[in-house]
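As a plain string of letters, each chain reads:
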Amino acid sequence: MRAWFFTEDAYPYLPDADSYESIRVSLPNKHFDPETGADLYNMYLDMWCAADEMGLNIMNNEHHQTATCMVPAAPIMLGILARETKKARLLILGNPVSNRSQPVRVAEEMALIDVLSRGRLECGFVRGVPYETAPANVFPYRGTEKLWEAHDLIIKAWSHHEGPFNFEGRWFHARQVNIWPRPFQQPHPPVWITMGSAGSAAQVAQRGHVGAVFLAGYPKIRGIFDGYRQAYSDTHGKDMPIDRLAYCALISVGRTEKEGLDVAEKLLWYMTSNKVPPQFSNPPGYHAPAMAATIMRGNNSGTGLPTATTLTEQMARGNVFAGTPDQVYGQIKNFYEYCGGFGNLMMMSQAGFMTFEETLTSMKLFSEEVYPRLKELTAGYDPGEMQEIRASLPDVENIDVSALGSEFVR
Amino acid sequence: MTSETSSMVSLRGVDMPLIRRGSGPPVLVLHGGDGPVDHLPFAERISGSFELLHPTHPGFDGTPIPEHFDGLQDLIFLYLDLIDSLDLQDAILVGFSMGGWLASEIAVMSTGRFSKLVLVDSVGIKPGGPFDRDIADVFALSVEELLQATWHDRSLAPLHGQMTDAELQIIASDKIAHGLYTWEPYMHNPKLRYRLHRIDIPTLLIWGENDGIVKTEYGAALRDLIPGARMSVIPEAGHHPHIEQPGEFAARFLDFVSG
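Notes on the structure in this doc start here. (Residues numbered from 1 in each chain as written. Chains lettered and ligands numbered in written order. Predicted model: local features only at pLDDT ≥ 70, side-chain atom pairs only at ≥ 80, totals over all residues. Heavy atoms only, no water.)

### Looking at helix 6 (residues 198-207) of chain A
Here comes step 1: Residues of helix 6 of chain A that are buried: Ser200(A), Ala201(A), Ala202(A), Val204(A) and Ala205(A).
Here comes step 2: At the exit of helix 6 of chain A stands Gly208(A), carrying a positive phi of roughly 75°. (Buried < 20%, exposed > 50% of the residue type's maximum accessible area, 1.4 Å probe, protein only. Helix = DSSP H or I, 4+ residues; strand = E, 2+ residues; numbered from the N terminus.)

Here's what the structure looks like:
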């Protein structure tokens, strides 16, 4: 198991949520105090550097026009970390290539980070959440097709070394592609793609990339991971290596159960703060019409995240792992066996008002008391044995999934 | 009730539903982003003395978006094929909102098959500068703001809460098609203003006085770019004067096309 420390770099010092319509897209930036922002950027960088020192890997991402994530350009933060850290693998999950107009520029930025870090980059590509389309001014229809076109161009830009090549696709045009630098890792850095259904998982599996899932929980994880494993063996004629799957949950480890749960309550800010009205969560062409219709009716927030939730409920869903080291290990192991195994745990271990000290306490307990046991757990991974364990565990029922989006892809 | 037939027109693999209603000189109706308008009371009045030809743009009313479609230009060329296949002669061309933009684009290509042009609360141009929001961003407005901008009398607005799932899915699909045809440049073609001078048939702009999507000033700017065009503003109406004031709308339309 490889663990990836992740914080979304929130700016949590906001007025009462009743005073604004949306935390995304339209929240006026007069509420952003640059002095406070400078403190926060430095604190988040310090957390990532601490992760490196503890032997954890690093994950970051970007969002736009939102207080939930202060980083609108993840490659800038990753460029700093490429220089400041020594051992950690550096995962960007990811580049929103459906919303960016120049895939060649993305290939260049990623190659720079890979070279500067001497080959520590892991490069994710994402379609992006629905409320990213307004800041990008992008029509989200066919966003997945657009992602794959950008992906194909970037992979070739990284791996072609004999002078300019031509690309004239449906969305992107570049007639003289010849990036400098080329990546450090050969033929290119590992690629990660987010997925939210068996169908989207199949597309990732066919290409052999790491498939990453956010907060699908018990209700949906089997469908997605099963879809990946099946498509992988169908395409490649062998069992999927366990490092091809990744799962992201909110994780809080305390010295006592109470401490773990109290801090987990603070982590829930990530979910409860996500106030987004339908014009931003349901732009035309992002969701399929059936899903869009349920948002229009008001039965679904469209964000993929419940804005009203309890810790107990989220722990039951498998979206939050929290408590003592023993408890957290047990919860992750249960989930791991239920879904048939995964080799990457993306751990959102800081959100909202969680302090530097609280975050480091949790990270340290995780890295010293949980992580070694997870490594041991996955070291003995045997696909046949794992499937037997999985088959012995019945589907989790009685969890209301109506409040969750059908396709949560970041 | 006037006679009505519906058929499917197939144009190089793209199927378009076509409603024909009434009898008389042909009126080609191009609907806007809210979908078909053939069933509305104003259409009933007009079809008493004209034959309404009402196609549904691909993607609207539950029809599929053709795989190769990316924007309004695909719709323009589909309509050029349709107009040829119908062999229209001396037809009246009328377009609502996005359909008005479509009608303008067709007319600047050639007015050979048309005798008159009617544009209703039409989009298609950008009169202002880069920082001016000439056309309300309907895809970013809240439900409340959109109602406010669209209607003079909001009680006439359809209520999503009272619709069936199937009806809501049609509206969701309509929004996708609307976005496909209008996203960027938003609701306009920067080149159109340099081509509108080619429209050489009598043109009437009908506008709702309280339209908050494209205001009457926008209509005046569009009028000024079309040689000899006139503009008729209907009071107590918003973006859909044909719905809010069907009698007044039909009267002004009939007065223009019969004159």
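### Concerning the interface of chain A and chain B
Here comes step 1: At the junction of the two partners, chain A supplies 20 residues and chain B supplies 26 residues.
Here comes step 2: Broken down residue by residue, the surface that chain A buries against chain B is led by Phe139(A), Met296(A) and Arg297(A), which jointly contribute 31%.
Here comes step 3: Linking chain A with chain B are four salt bridges.
Here comes step 4: The salt bridge partner of Glu67(B) is Arg170(A), with a shortest N-O separation of 3.0 Å.
Here comes step 5: Inspection of the chain A/chain B interface yields ten residue pairs in polar contact (both at pLDDT 80 or more).
Here comes step 6: Contributions of two or more residues to the side of chain A that touches chain B are made by helix 10 (278-281) and helix 11 (289-297) of chain A.
Here comes step 7: By residue number, the principal contributor to the side of chain A that touches chain B is helix 11 of chain A, which donates six residues. (Contact = heavy atoms within 4.5 Å. Buried area = accessible area lost by both parts, 1.4 Å probe. Salt bridge = Lys/Arg side-chain N within 4 Å of Asp/Glu carboxyl O. Polar contact = N/O pair within 3.5 Å; in protein donor to acceptor, adjacent residues only side chain to side chain.)

### So, the sheet that holds strand 5 (residues 91-96) of chain B
Pairing between sheet strands relies on hydrogen bonds along the backbone, with the strands arranged either parallel or antiparallel.
Residue and element names in this part refer to chain B.
Here comes step 1: Reading across from one edge, 1-2-4-3-5-6-7-8 is the order of the eight strands in this open sheet, with mixed pairing throughout. Unpaired on one side and paired on the other, strand 1 (4-11) and strand 8 (230-234) mark the two borders of the sheet. Geometrically, the sheet is characterised by an average inter-axis angle of 20° between neighbouring strands, direction not taken into account.
Here comes step 2: With four bridges joining them, strand 2 (residues 14-21) and strand 4 (residues 51-55) adopt antiparallel strand pairing. In the sheet register, Arg21 faces strand 4, and the bridge partner there is Leu52.
Here comes step 3: Across the face of the sheet, helix 3 (residues 98-109) comes into contact with strand 3 (26-30), strand 5 and strand 6 (114-120) while running at roughly 140° to strand 5. (Pairing = 2+ DSSP bridges. Axes fitted to C-alpha atoms, helices over the stretch in contact; angles between N-to-C directions.)

### Brief notes about the nonpolar core
Here comes step 1: Counting 99 residues, the largest nonpolar core has Trp158(A), Phe225(A), Phe342(A) and Phe366(A) as its most contacted members.
Here comes step 2: Broken down by element, the residue count for this core peaks at nine residues, all from helix 1 (residues 34-54) of chain A.
Here comes step 3: When residues no more than four places from it in sequence are discounted, the contact partners of Phe225(A) are Met195(A), Val213(A), Leu245(A), Ala246(A), Tyr247(A), Cys339(A), Gly341(A) and Phe342(A).
Here comes step 4: Core analysis: the second largest hydrophobic core is formed by 61 residues, Leu102(B), Leu117(B), Tyr186(B) and Val214(B) among them. (Core = buried A, V, L, I, M, F, W, Y, C linked by side-chain atoms within 4.5 Å.)

### A few points about a negative patch on the surface
Residues and elements named next belong to chain A.
Here comes step 1: Together, Asp239, Asp382, Glu385 and Glu388 line one region of the surface with negative charge.
Here comes step 2: Structurally, the position occupied by Glu385 is in helix 15 (residues 383-392).
Here comes step 3: According to the relative accessible area criterion, Glu385 is partly exposed, its value standing at 48%. (Patch = residues over 30% accessible without salt bridge, like charges linked within 9 Å, V, L, I, M, F, W, Y side chains within 5 Å. Areas by Shrake-Rupley, 256 points an atom, 1.4 Å probe, with all protein chains shown as cover. Lys, Arg positive; Asp, Glu negative; His and termini not counted. Charge placed at Lys NZ, Arg CZ, Asp CG, Glu CD.)

### Topic: unusual backbone geometry
Here comes step 1: Here Gln186(A) and Pro187(A) are connected by a cis peptide whose omega angle stands at 0°.
Here comes step 2: Of note, Pro187(A) is situated in the loop between strand 6 (173-177) and strand 7 (191-194).
Here comes step 3: Going from Glu184(B) to Pro185(B), the amide bond is cis rather than trans, its omega being -10°.
Here comes step 4: Residue position: Pro185(B) is located in the loop between helix 5 (165-182) and strand 7 (203-208).

### Some words on the packing of aromatic side chains
Residue and element names in this part refer to chain A.
Here comes step 1: All chains considered together, the criterion is met by 26 aromatic pairs over all chains.
Here comes step 2: Ring centres 4.8 Å apart and planes at 70° place the aromatic pair Tyr218 and Tyr338 in the edge-to-face group. Placement of the pair is Tyr218 in helix 7 (residues 217-236) and Tyr338 in helix 13 (residues 325-339), with a sequence separation of 120 residues. Taken individually, Tyr218 and Tyr338 each receive the classification buried, so the pair is uniform in this respect.
Here comes step 3: In textbook terms, an aromatic cluster arises when at least three aromatic residues are bridged by ring pairs, as seen for Tyr218, Phe225, Tyr247, Phe321, Phe335, Tyr336, Tyr338 and Phe342. (Phe/Tyr/Trp six-rings, centres within 6.5 Å; stacked < 30°, edge-to-face > 60°.)

### Some details on the pairing of strand 8 of chain B
Consecutive side chains along a regular strand alternate between the two faces of the sheet.
Residues and elements named next belong to chain B.
Here comes step 1: Pairing analysis gives five bridges linking strand 7 to strand 8, with the strands arranged parallel. Each bridged residue has a counterpart across the sheet, and for Leu204 the counterpart in strand 8 is Arg230.
Here comes step 2: Remark: the strand 7/helix 6 (residues 216-225)/strand 8 crossover connection has right-handed handedness. (Right-handed = clockwise from strand over helix to strand, strands pointing away.)

### With respect to the packing of helix 2 (residues 74-84) of chain A against helix 3 (residues 103-116) of chain A
Residues and elements named next belong to chain A.
Here comes step 1: For the pair helix 2 and helix 3, the least separation of the axes is 9 Å and the interaxial angle reads 15°. Our classification of the angle between helix 2 and helix 3 gives roughly parallel. In the packing of helix 2 onto helix 3, the handedness of the crossing is left-handed. Contact residues: Pro75, Leu78, Gly79 and Ala82 in helix 2; Glu109, Met110, Ile113 and Leu116 in helix 3.
Here comes step 2: A breakdown of the residues in the contact of helix 2 with helix 3 according to their chemical character gives six nonpolar, one polar and one charged. (Parallel < 35°, antiparallel > 145°, perpendicular 65-115°, else oblique. Left-handed = near helix turned anticlockwise from the far one by under 90°. Nonpolar A, V, L, I, M, F, W, Y, C, P; charged D, E, K, R; others polar.)

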